[in-house]
Structures are given as structure tokens and as C-alpha cells.
Amino acid sequence: MTEHDLTARARRVLAECRLLAGMTEEPGGITRRFLTLPVRDVHAHLSARMKSLGMAVRVDAIGNLRGLWHPPNAGMRRLQIGSHIDTVPNAGAFDGVLGVVLALELVETALEKIALVQNAREREPMALEVIAFSEEEGVRYGAPFLGSRAFAGSFDPRLLALEDADGVRMDAAVRAFGLDPEAIDEAALDPKEVLGFFEIHIEQGPVLEAEDLQLAVVEGIVGQSRLAFRFTGQANHAGTTPMHLRHDALAAAAEWIVAVESIAGTEDGLAATVGKLDVQPNAANVVPGAVELSLDVRHMSNLTRTHWVRSLINAAQSAAHKRGVEVTWSENLDQPAVEMDKRLTAELAEALQACGLPAKRMPSGAGHDAMMMAARVPAAMLFLRSPGGISHHPDESVREEDVEAALRVGAKFLERLAAFVG
Ligand SMILES: [Zn+2]
């Protein structure tokens, strides 16, 4: 592939993403929820491209669009490449979709390569399946990863009874799209037939830009703890209660919030956030009597995360104790980290280096389809720099030279995998 080809391909990828962004529930913005009308347009567009590449196209029962490219004499096991085509409300043009469009570009590159390699009779290429997952964001039904859950065989049929904001049950939405909710089980993949899953996605954060890097190998998806805290003091008159006789729940909570920020800053890769606050009675002339707060803690190591959660609980107790305030808490989520496959990840890192790029490794702070797929097949993930660190926003973007780099690295990664498969 010449540099000129690469630039042309990168431009085409960006143009495709922008074109797909026009397929939206609300003109002027990008919103495309699970199995809504614009999803049909996206399917039609992507299917046409898949067919033009000689791929066998189907839509499974949860609405994942799947295109299989199976060159003659390739082995039965295929590499799956993909990402999601649903969006958050008022989204950007690249979250998810970019990974699908890039996957198709990689198929086209592989096709062209075969034409050359077949003459040389070097080796048989490997089969590729491109997946456009129907649902990842969880916007329509409040349940994320519907598409990849079905693949991983972890789709809970009770989800079908969920209703969207308009009172449409999920099973009715599936039927309205022309699919059979009874057949969702059949979407589950047979790990024996799959070599692995590869997802290319924008970083959706500021790390790569801050380090002046284009791409990174994702080591895994961080684990997450969510806790609810309640500081209970004594509500009282703001004028008649002297400072030294107060039990101000908000002052205790505020001291703790600042402690959370500084404690979290001492551990590499730890993110701890108090994002929600409910002050009672929340009146200008009353000493706050109680505060309820959320705490979100994430880290790639489960041990490290649980260690710091305990430490942040201790900090809450000491902040409360100083002011004669009570603190209680409950843990609402303890989601373990998901590691990407070591072997595939090492191959991906080698591909970066072979392309003259630093093999930066980083965890993902957000969930992705690769997280669900990793439960079933070896998974690897590549991040592209997010300009301004902006995502889930109309200003979300991606740089052409980074798309070029992703194409180069993706093609090299496929080449390396084909070599160890063959
Ligand atoms: Zn995404």
C-alpha cells in the first residue's frame, strides 16, 4: 500500500463516517438508538459496501450486521473486527462507527493483497468477519452492550421485557425491525470458529493527545466500584448555631471530596470521582443536616481498586468524625476489570512498532464491546487519539493522519495474525 493509497483510504474513512452521521433520528444532530429507523439506512449502506467486497451479509436476531469475507482455502477460523453503530443522543460522528468503517477498509486492503500474494502462492489468507454491533451505549433501554452480549452468549432474555421512553418493549422493537427475539441465542458465537475479536475505537479521553501519540494498544477495560455515601449531621439555624457547636454534614462531605481527589492522585491509573451530591435541606439559612454522595472508583487492577476503596471509606469516616457527623455507605457496583488477550495484544504492540510507532499501552476507562467479547474469545483493541479529548459530543473528531496510522497498523496486525494462523 503506497502512502498515496493510505491517504486516500483515510479520507474515504472520514467521509464514510460523516455520511453515516447523516443517518439520524434528529436532523441537525446525531442520535441513533438501538433498532430505530436510521439504523436501517446504516445497514443498507454498510451491506452494499460489504457485498461489493464479496462478503456474505446477514443481520442476526439482535440486529448486529455481520459481513463474512471467506477467501477460498482460508481456514474455518475467522478474525472478527468491529464496533457499534448506535450512538448517544447528540453524539459525534466517530464513536463506534469509525471502527466499523475501518474494518471494511482493512478487508479491502486484504483483498488487494491476496491478488498479489496468490500469484506468489505464499500462504492462504485468513477469513475476516466485520461486525456492526447494534447496541453498545444503552441509551434506548438503559441496558448497554446488547449486541455484544448476544455474541458472548450472555444476553439475558429478561431484558426483552424492558420498555423504552415511548413504552415500546424491547421484544416488540426487535420484531418491528423484522427480527425474531426468540432467536437471539443463535447469535452466540462458537469460540472454536473464531480466532479473536479486534476493535478499533477512538480513545474518548485526553491521554494520547497529552502525550503526543497517535495510537495505543488497550490493555484492558478498568474495573469499577460504585458506592453511595450518606453524611448525617444536625440541621440547625444558620444564624443562632455558633460555628464550634455545629455538626455540618456538608462541610464534612466537602472535606472528604477534596480528600478523594488528592488521595486518588497518589496512585497511578486510579480514577475516583464524587459526581453527585444531594444536600438536605438545601436551604441558604440552614446548617446542612445530611448529604448523600456518589463515589465512582476505577482501576485496571482489581486489588488496587478495592484497596483504595477501603482507604476512601476510611477518609470519609475521619472527615465525619472531626465534626461529630455520622457516615454510612453501601456498595452498588463491583465490576471486575477485563483484560485483553495477552497474545493478541502483544501482536498488536509489535504491529505498532513495525510501523515505526511507539507501542503505548493504556487501559480503557470506558466500557466497550471488546469487554463483552473477551469473555468468549481472545480480544484486542486499538485506540486512536481523540482531539481535545472530546467524545459523546458533536465536536468529537479524529485526525486524518491518525486514521492513516490505524490503517497501517491494522493491516500489519492482520498480516502477523495470518502468519501465525497459517
Ligand atoms: Zn463507543
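As a starting point, this report considers the structure included with it. (Residues numbered from 1 in each chain as written. Predicted model: local features only at pLDDT ≥ 70, side-chain atom pairs only at ≥ 80, totals over all residues.)

1. Looking at the overall build of the chain
A tally of regular secondary structure across the chain gives 11 helices and 16 strands. When the backbone C-alpha atoms are referred to their principal axes, the chain occupies close to 90 × 50 × 40 Å. When each of the 422 residues of the chain is scored for burial, the buried share is 46%. Across the chain, contacts joining residues at least 24 apart in sequence account for 77% of those joining residues at least 6 apart. (Helix = DSSP H or I, 4+ residues; strand = E, 2+ residues; numbered from the N terminus. Buried ≥ 20, exposed ≤ 12 C-beta atoms within 10 Å, placed from the backbone. Contact = placed C-beta atoms within 7 Å.)

2. So, the packing of helix α1 (residues 3-21) against helix α11 (residues 400-421)
In contact at an axis separation of 9 Å, α1 and α11 are set at 110° when each is read in the N-to-C sense. Compared by their axis directions, α1 and α11 come out roughly perpendicular. When the axes of α1 and α11 are compared, the crossing they make is right-handed. Contacts between α1 and α11 involve L6, T7, R9, A10, R11, V13 and L14 from the first element and E400, V403, E404, L407 and R408 from the second. A per-class count over the contact of α1 with α11 returns 6 nonpolar, 1 polar and 5 charged. (Axes fitted to C-alpha atoms, helices over the stretch in contact; angles between N-to-C directions. Parallel < 35°, antiparallel > 145°, perpendicular 65-115°, else oblique. Left-handed = near helix turned anticlockwise from the far one by under 90°. Nonpolar A, V, L, I, M, F, W, Y, C, P; charged D, E, K, R; others polar.)

3. A word on the nonpolar core
Ranked by internal contacts, the top residues of the largest apolar core, which has 99 residues, are A379, L382 and A406. Those residues in contact with A406 that sit more than four places away from it in its chain are L102, I200, L215, L382 and L384. Judged by nonpolar contacts, the second largest core, of 24 residues, contains F229, A249, A252 and A320. (Core = buried A, V, L, I, M, F, W, Y, C linked by C-beta atoms within 7 Å.)

4. Considering the environment of I114
Its place among the elements puts I114 in helix α3 (residues 97-120). Sequence spacing of I114 and P125 is 11 residues, and the spatial spacing of their C-alpha atoms is 7.1 Å. Once residues within four sequence positions are removed from consideration, I114 is found in contact with P71 and P125.

5. Let's talk about unusual backbone geometry
Here the bond from Q280 into P281 is cis, since omega is 5°, no more than 30 degrees from zero. Summarising the element assignment, P281 is placed in the loop between β10 (277-280) and β11 (286-287). Phi is positive for N90, close to 55°, though the residue is something other than glycine. With respect to the helices and strands, N90 occurs in the loop between β3 (78-84) and α3. Judged by the 14 C-beta atoms lying within 10 Å of it, N90 is partly exposed. Notably, D212 is not glycine yet its phi reads approximately 55°, a positive angle. Within the secondary structure layout, D212 lies in the loop between α6 (207-210) and β6 (215-221).

6. A closer look at helix α7 (residues 249-264)
Taking 1.5 Å per residue, 16 residues should reach 22 Å; α7 reaches 22 Å between its end C-alpha atoms and fits that length. Looking at α7, one finds that the buried residues are A249, L250, A251, A252, A253, W256 and V260. On its buried side, α7 packs onto β7 (223-232), β9 (271-273), β10, β12 (290-299) and α8 (302-322). (Expected span 1.5 Å × (residues − 1).)

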